[in-house]
Structures are given as structure tokens and as C-alpha cells.
Amino acid sequence: MEPGETDAPGLFIYGDPMTAQQITDKIQKLRDKLRKIQKECKHPNAVNYDTRCDHGNYDPSQDCCFLYWKCPDCLDLWTEETR
Ligand SMILES: [Zn+2]
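These numbers come from a predicted model, not from an experiment.

The rules behind the values
Residues numbered from 1 in each chain as written. Predicted model: local features only at pLDDT ≥ 70, side-chain atom pairs only at ≥ 80, totals over all residues. Helix = DSSP H or I, 4+ residues; strand = E, 2+ residues; numbered from the N terminus. Buried ≥ 20, exposed ≤ 12 C-beta atoms within 10 Å, placed from the backbone. Contact = placed C-beta atoms within 7 Å. Pairing = 2+ DSSP bridges. Expected span 1.5 Å × (residues − 1). Axes fitted to C-alpha atoms, helices over the stretch in contact; angles between N-to-C directions.

Caption draft 1: How the structure looks around the overall build of the protein. On a plain count of helices and strands, the protein comes out with one helix and three strands. Of all 83 residues assigned to the protein, the portion counted as buried reaches 0%. Restricting to contacts in the protein with at least 6 residues of sequence separation, those with at least 24 account for 29%.

Shown next, in the form of C-alpha cells:
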């Protein structure tokens, strides 16, 4: 094993040429890329992994449920309100 090398292949703790600013820029670019994928994804395999209902309102018309969805393809998470 070379000096500065870790057990994880390709991950260097020492001698990493990237500055914190460069890493931040890269994260931002990757986030944008992920958003684009999530925007274009039609979520064909979306899973309703949780449902939370609020039935405790004084005004029953305010009662609602939130469906929690996740997409295994693009890893997007969102909620949907139902009455
Ligand atoms: Zn998706």
C-alpha cells in the first residue's frame, strides 16, 4: 500500500489535490446532475413507503393524509397530500 492510500480503492486521505472549494463545486455540479435525472425520471417504480394521516382537526374538512413516495430509479423523495 502506498503512503496516503486507504483501504478504500481510489480514496486518498493525504495528497488529495482537490481544495475544499473544488470539492464544493464538484458537489454542486453533481447535485445539479442528480436533480436533472430526478426531473426527467417518470418514477415508473415509485414506492409508497409510508402514509401519515391527520384526523385530529376540529374542522374535519382539514383532515388529510400524506403519502410518502420514493423512486428507486432516481432516488427522489416526495410527499402527496390526499383528502
Ligand atoms: Zn424517479
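Caption draft 2: Main features of the environment of Arg52. Mapping Arg52 onto the fold places it in strand β1 (residues 47-54). With 29 residues separating them in the primary sequence, Arg52 and Glu81 have C-alpha atoms 9.7 Å apart. Once residues within four sequence positions are removed from consideration, Arg52 is found in contact with Cys65 and Phe66.

Caption draft 3: Expanded view of the pairing of β1. Summarising burial for β1: zero of the eight residues are buried, a small minority. As paired strands, β1 and strand β2 (residues 64-70) are joined by seven bridges and run antiparallel to one another. Bridge assignment links Cys53 to a residue of β2, and that residue is Cys65.

Caption draft 4: Broad picture of helix α1 (residues 20-40). Its 21 residues give α1 an end-to-end C-alpha distance of 30 Å, which sits within 8% of 30 Å, the value for a rise of 1.5 Å per residue. Taken across its 21 residues, α1 has zero buried, putting it largely on the surface.

Caption draft 5: Highlighting the sheet that holds β1. With antiparallel pairing, the three strands of this open sheet are ordered in space as β1-β2-β3. Each edge of the open sheet is held by one strand with a lone partner, namely β1 and β3 (77-82). Neighbour to neighbour, the strand axes of the sheet diverge by 20° on average, direction disregarded. Pairing geometry for β2 and β3, over six bridges, is antiparallel. Each bridged residue has a counterpart across the sheet, and for Cys65 the counterpart in β3 is Thr82.

Caption draft 6: The arrangement of unusual backbone geometry in detail. Located in the positive-phi region is His43, a residue other than glycine, with phi close to 50°. As for its position among the elements, His43 is in the loop between α1 and β1. On the basis of neighbour counts, which here come to 15 C-beta atoms within 10 Å, the residue His43 falls in the partly exposed class. The phi dihedral of Leu75 is positive, around 65°, even though this residue is not glycine.

Structural measurements only, silent on function.
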